[in-house]
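Commentary on secondary and tertiary structure
Each chain is listed here by its residues.
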Amino acid sequence: MRVPERIKAVLTPVDNISGEDWRRYLLNIVLALLAVTIAVYGLVFVVLFFLGVVDNIQGVVFDLLLLVICGLAYWLGQKNQVQLAGQILSLSLFGAVTMVLYRIGIGHLSALIYILAAVIAALLSGVVSALMIVALSSVAYLVIGNMQSAGQLPYAVSSVALMIPDTISLVVSSVAVVLSIWIFGERVNRIIQQYSESERQASELAENLEVLVEERTHALQQANSSFQRRAMYLEASVQVSLTLATLFELDSLLDQAVNLITHHFDFYHTGIFLIDEAGEWSILQAASSEGGRQMLAAGHRLRRGEDSMVGWVMLHRQARIASDVGEDAHHFANPYLPATRSEATLPLIAAGRLIGVLDVQSTEEAAFDKDDIRALEGMAGQLAVAINNAKRLRGEAEMLEAASPFYRLARRLATAGSERDVYAAILETVRDYTPNRAFILNFDRHVNKENLSSVAGAVHIAADMRPDELIFPNRILTPEEFEQQYSLLELAFDLEDVLLIDDFAALSSEVEPALCARLSKVGAASGAHSLALVPIHTGEYLIGIFIISYYTVHTFSPIEQQLYRALADLVGVALGRTQLVYESQRRVERERQMREFTETLSRIPDLQVVMEQAAEALQELVLADGVLIALDPTLIEGEEETV
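Residues numbered from 1 in each chain as written. Predicted model: local features only at pLDDT ≥ 70, side-chain atom pairs only at ≥ 80, totals over all residues. Heavy atoms only, no water.

Focus: the overall build of the chain
Which entries qualify depends on this criterion: Only DSSP runs of H or I with at least four residues qualify as helices, and only runs of E with at least two residues qualify as strands; both kinds are numbered from the N terminus onward. Throughout, exposure labels follow a simple rule: accessible area from a 1.4 Å probe, protein chains only, divided by the maximum for the residue type, with under 20% read as buried, over 50% as exposed, and the rest as partly exposed. It only takes one pair of heavy atoms within 4.5 Å for two residues to be counted as in contact. To be clear on the numbers: accessible area is Shrake-Rupley with a 1.4 Å probe, and residue cover counts the displayed protein chains and nothing else.
Along its length, the chain carries 17 helices and 13 strands. Looking at the 643 residues of the chain, the share that counts as buried comes to 38%. Expressed as a percentage of contacts within the chain between residues at least 6 apart in sequence, the contacts between residues at least 24 apart total 60%. Accessible area for the chain stands at about 36700 Å²; split by element, carbon and sulfur atoms hold 58% of it.

In structure tokens form, the structure reads like this:
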């Protein structure tokens, strides 16, 4: 701080002057006046010294000593030792005046400084100190006057008659001034204290009013902000609702919903979970953040229960808010969303049924207030209705779409003229569901579970479809292939219905232990993660099995389940019909050949030729290696005699 600013700060009265503060202020004023007086006096003395009027610089040394004493008094005042500072200052002035009078004699105006010393003592140190200064001043004045009268001092002698009245005047004047200061000082001090108290109360009142105004202003600002947010949420809700109302395709609806909610509400992440058919898992179906899209690719899902906020909402069907996710026991610390600080999860309920969970997250703590939750709950209700409608429409569309494959399959099976046509029809139908492999194993009617291990040559692969080819090898399984498929063939004889396995790794929680062990062997042998087994019956006989395998986890949809059950019913009927057609055709062909054979024989007169042609015709008809015809000689001779 610069010197002028420092001086201004020292001499400026404080707001609440009372007690020591008031005396310290007076001390600063006195010191300032003394410092200016001493400085002017020293400057004049120096000028007189250079002009030759005075012949020594003792006065300058004396001024410097007084300045040091003033500095000491100021330091004591800053240490709240104002009374001691006043005593030192008044005694210093007393000593200075005494020395001056000693040098120039009494009767000089310098004696008035005794009164100034008493005044300073009265103001800064109290009446007692002031009266002591008055007493000392009177004694000093008398002593110096007596020394002058006795000729002990080199200056003019004052008469005793003049000395005594001067002393009395000095004492009376000093006492009068001290008493005046004491009487009026107390009153002034009380007035100042009252003024200070009034000013303090006014200041407190002003501060209280300022606080009240700030509180009211803050309340108004909060109310205004709340109204603005409500208006914004209402506008956002209307826009989201209008957009969702125009979408009927579920995937597009979910993607638009998370993006719109994130954009209009400025969230860090928005995700929509849908509940599986069993009601145990919530599966992430749409997300707006980059981390959410990574979760989608990883097949993120959460179980119903207390392990996560989404699971908690599934269990309780109520909204849950985490103002600080680090403090919420049910928050799932997701590595894909590290910046989350607060989270809100809301149930999606349509027609009284929980169909999903809306999850929104923010990078700010306590980001969700009552207005946010109210707006999100309304939007969650609208979103649930839109999702439910889209799912219903998609189900109806899937049923309509599925009706077409059923119709095409039934028509192709009805017109199939051979086993190969039947197998081609069902494999082409299944191709739409992109399996990694689909093939058909056939075996004769005499094969059963008991003799399966001993009739390996009766099992053959009738058709085999992979993503890039469809073949009909119609060949017997090799011993290695038979051994590999044995567990599957053995299981086929125990099946009464289609068997669908979504994931071999999850069998332990879905089937009984005995069947789980058998299915695990089938899965290990096939190398598949998901498998569909469709038994093929004609009447009471199991004549084959249709296997559809996926090398990754595949969830069989309700449409696929219906399709495979339809295949189990239709394929056996179609194969039975083609077998009947085949046998009828063979019978007709045999009858035609027999007629032609009979007609041919009847036109040949030579018996030997007849026998040869009959043998050749029979060999060709029955695909025999050879034919032997033997005649009874007696019949031949008898006939000759008759003829």
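Let's pick the thread back up.
So, the side chain of S487
Inspection of the secondary structure puts S487 in helix 13 (residues 479–492). Contact partners of S487, with chain neighbours within four places excluded, come to K521 and V522.

Brief notes about the packing of aromatic side chains
What counts, and what does not: When the centres of two rings from Phe, Tyr and Trp lie within 6.5 Å, Trp using its six-membered ring, the rings pair. Their planes under 30 degrees apart give stacked, over 60 give edge-to-face, and anything left gives tilted. Our definition puts a charge over a ring when NZ of Lys or CZ of Arg is within 6 Å of the ring centre and also within 35 degrees of the ring normal.
Within the structure shown, the criterion is met by 4 aromatic pairs. Measuring from centroid to centroid gives 6.2 Å for F556 and Y564, while their planes differ by 75°, and the two rings are edge-to-face. Taken individually, F556 and Y564 each receive the classification buried, so the pair is uniform in this respect. Here the aromatic cluster, defined as three or more aromatic residues joined through ring pairs, consists of Y550, F556 and Y564. The ring of F439 has R437 lying over it, and the distance from NZ or CZ to the ring centre is 4.1 Å.

A few points about a nonpolar patch on the surface
Our working definition: What goes into a patch is any residue over 30% in relative accessible area without a salt bridge, connected to like charges within 9 Å or, for nonpolar side chains (Val, Leu, Ile, Met, Phe, Trp, Tyr), within 5 Å. By salt bridge we mean one thing: a side-chain nitrogen of Lys or Arg within 4 Å of a carboxyl oxygen of Asp or Glu.
Taken together, the side chains of V36, V40 and V44 make up a nonpolar region of the molecular surface, amounting to roughly 250 Å² of accessible area. You can see V40 is positioned in helix 2 (residues 20–51). When its relative accessible area of 48% is taken as the criterion, V40 is described as partly exposed.

Some thoughts on the nonpolar core
Keep this limit in mind: Residues grouped as a nonpolar core are buried Ala, Val, Leu, Ile, Met, Phe, Trp, Tyr and Cys residues, joined through side-chain atoms within 4.5 Å.
By size, the foremost hydrophobic cluster in this structure holds 30 residues, and its most contacted members are I426, F546, I548, Y564 and L567. At the level of secondary structure, the elements contributing two or more residues to this core comprise helix 11 (370–415), helix 12 (419–430), strand 7 (437–443), strand 8 (459–466), strand 12 (530–538), strand 13 (541–550) and helix 15 (558–602). Among the elements that take part in this core, helix 15 stands out by supplying 7 residues, more than any other. The contact partners of Y564, leaving out residues within four places of it in the chain, are V430, V498, L500, A532, V534, I548, Y550 and F556.

Brief notes about the side chain of T345
Here T345 is to be found in strand 5 (residues 342–350). Contact partners of T345, with chain neighbours within four places excluded, come to M309, V310, V313, Q318, A319, R320, V357, L358 and D359.

Quick look at helix 6 (residues 127–149)
To keep it simple, the criterion reads: Expected span of a helix, by definition, is 1.5 Å for each gap between consecutive residues, and there is one gap fewer than residues.
Spanning 23 residues, helix 6 covers 33 Å between terminal C-alpha atoms, matching the ideal 33 Å at 1.5 Å per step. Here helix 6 has its buried residues at S129, A130, I133, V134, S137, S138, A140, Y141, I144, G145 and Q148. Phi for G151, located one or two positions after helix 6, is positive at around 75°.

Considering the pattern of salt bridges
Per the stated rule, a full pass over the model turns up 6 salt bridges. Residue R431 pairs with E428 through a salt bridge whose shortest N-O separation is 3.5 Å. For E428, a relative accessible area of 33% puts it in the partly exposed group. Put simply, R437, D464 and R466 are held in one network by salt bridges that share partners.

Here's the deal with the pairing of strand 5
The line we're drawing: Note: two strands are recorded as paired if DSSP finds a minimum of 2 bridges between them.
In terms of residue burial, strand 5 counts as a mostly covered element, since 8 of its 9 residues are buried. Of the pairings in the sheet, the one linking strand 4 (residues 320–322) to strand 5 comprises 3 bridges and is antiparallel in character. Pairing of R320 across the sheet is with T345, part of strand 5. As defined by bridge partners, strand 5 adjoins strand 6 (residues 353–362) across 9 bridges and the pair is classed as antiparallel.

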